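Geometric and topological summary
These are the residues of each chain, in order.
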Amino acid sequence: MATADPFEVRMRFSSQLQHLNASTTSAQKAAQFALKYKDMDEDLHSCILEQLEKTSMNTRANIMYFLEHLLEMASKERQNDYVRMMQRDILRVVDAVCPEDGSGAANVKVVRKVLQGLMTKSILLEQTVIEIEGCLKERDISADLGFSSPINGDDTSRSRTINGNSTANRLDKRQIEQRIEEDRERHKRMRESMWVVPASLEGEAMKILDETSDYGEDDETFSREERDEFLREVEANKCDHIRSKEAEAAAARGNGASSH
């Protein structure tokens, strides 16, 4: 089997990262590619960092979501090098996805969500996530800095500064629309996933159904006997007051019938 060209692998992986979108499929496909070429993990890891620092804020958010898929899959397949390198460089990743200058304020929620997911999966330590949260609080300014329209029809809002830095690199209209659409798609998939029956549970239900015999004459006889037994128990447990009332009602019906 011929060895893959490292340069070609890097270019293909870079292209996949640049074209990530809100779909789970695109993230999983890129993660599978990285795991397929795990012998080049250091090079592909550096590729992730490079794309995080040069692409648009929308793409950086998509790469952040991709990282959760990659690290979860790598952890399950015991490809610990990807996990180890990302644990080492997680602060650099966060700085790229939501920089200190506020240009990535809209990505703060994305970073929080992914970090919580990685902590839940025991990929990141709780203490690490707490420390990063301290940095995120300072950057979690009004997320609409990248999305807001010019005030009073002018462009003065573009000259705002955060920590002394200009926010002139805010998202343009096309990026805003793309981000809104991708967020909407993610929320839709999240709602759908809430209604998905786990494969293991569905399989167990089908197994029970297959092992259950068809309803037949024996089942009907058994049901009838169960019903009769239940009625006998109800009758035996009636109190004297109810018995007296029923007797009076029966007598009244009897007298009414005889009078006719």
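All of the points below concern the structure found in this document.

Cut-offs used in this document
Residues numbered from 1 in each chain as written. Predicted model: local features only at pLDDT ≥ 70, side-chain atom pairs only at ≥ 80, totals over all residues. Heavy atoms only, no water. Helix = DSSP H or I, 4+ residues; strand = E, 2+ residues; numbered from the N terminus. Buried < 20%, exposed > 50% of the residue type's maximum accessible area, 1.4 Å probe, protein only. Contact = heavy atoms within 4.5 Å. Areas by Shrake-Rupley, 256 points an atom, 1.4 Å probe, with all protein chains shown as cover. Phe/Tyr/Trp six-rings, centres within 6.5 Å; stacked < 30°, edge-to-face > 60°. Expected span 1.5 Å × (residues − 1). Salt bridge = Lys/Arg side-chain N within 4 Å of Asp/Glu carboxyl O.

In this section: the overall build of the chain. The helix and strand inventory of the chain stands at eleven helices and two strands. Traced from its N-terminal end to its C-terminal end, the chain shows the element sequence α-α-α-α-α-α-α-β-β-α-α-α-α. The 260 residues of the chain split such that 33% are buried. For the chain, long-range pairs separated by at least 24 residues make up 71% of all intrachain contacts whose partners lie at least 6 apart in sequence. Per element, the accessible surface of the chain, about 16,900 Å² overall, is 51% carbon and sulfur.

Time to look at the packing of aromatic side chains. Two numbers describe a pair of aromatic rings. These are the distance of the centres and the angle of the planes. As enumerated under the stated definition, the model contains three aromatic pairs in all. Of the aromatic side chains, those joined through ring pairs into one cluster are Phe 13, Phe 33, Tyr 37 and Phe 66.

In this section: the environment of Leu 49. By secondary structure assignment, the location of Leu 49 is in helix α3 (residues 41-52). With a relative accessible area of 5%, Leu 49 lands in the buried category. Sequence separation of Leu 49 and Arg 92 is 43 residues, and the distance between their C-alpha atoms is 8.0 Å.

A few words now on helix α4 (residues 57-76). In a regular helix each residue adds 1.5 Å, so 20 residues correspond to 28 Å; α4 covers 29 Å between its end C-alpha atoms and thus fits that length. Here α4 lies mainly inside the structure; 16 of its 20 residues are buried. In the segment just after α4, Arg 78 is the residue with positive phi, at about 60°.

Moving on: the pattern of salt bridges. Within this structure, the stated rule accounts for nine salt bridges. Among the salt bridges present, the one from Lys 76 reaches Glu 72, with a minimum N-O distance of 3.5 Å. Taken together, the residues Lys 76 and Glu 72, both in helix α4 and four residues apart, mark about one turn of the helix. You can call Lys 76 exposed: its relative accessible area is 64%. By relative accessible area, Glu 72 is classed as partly exposed at 25%. Here the residues in one salt-bridge network are Arg 10, Asp 43 and Glu 50, joined through shared partners.

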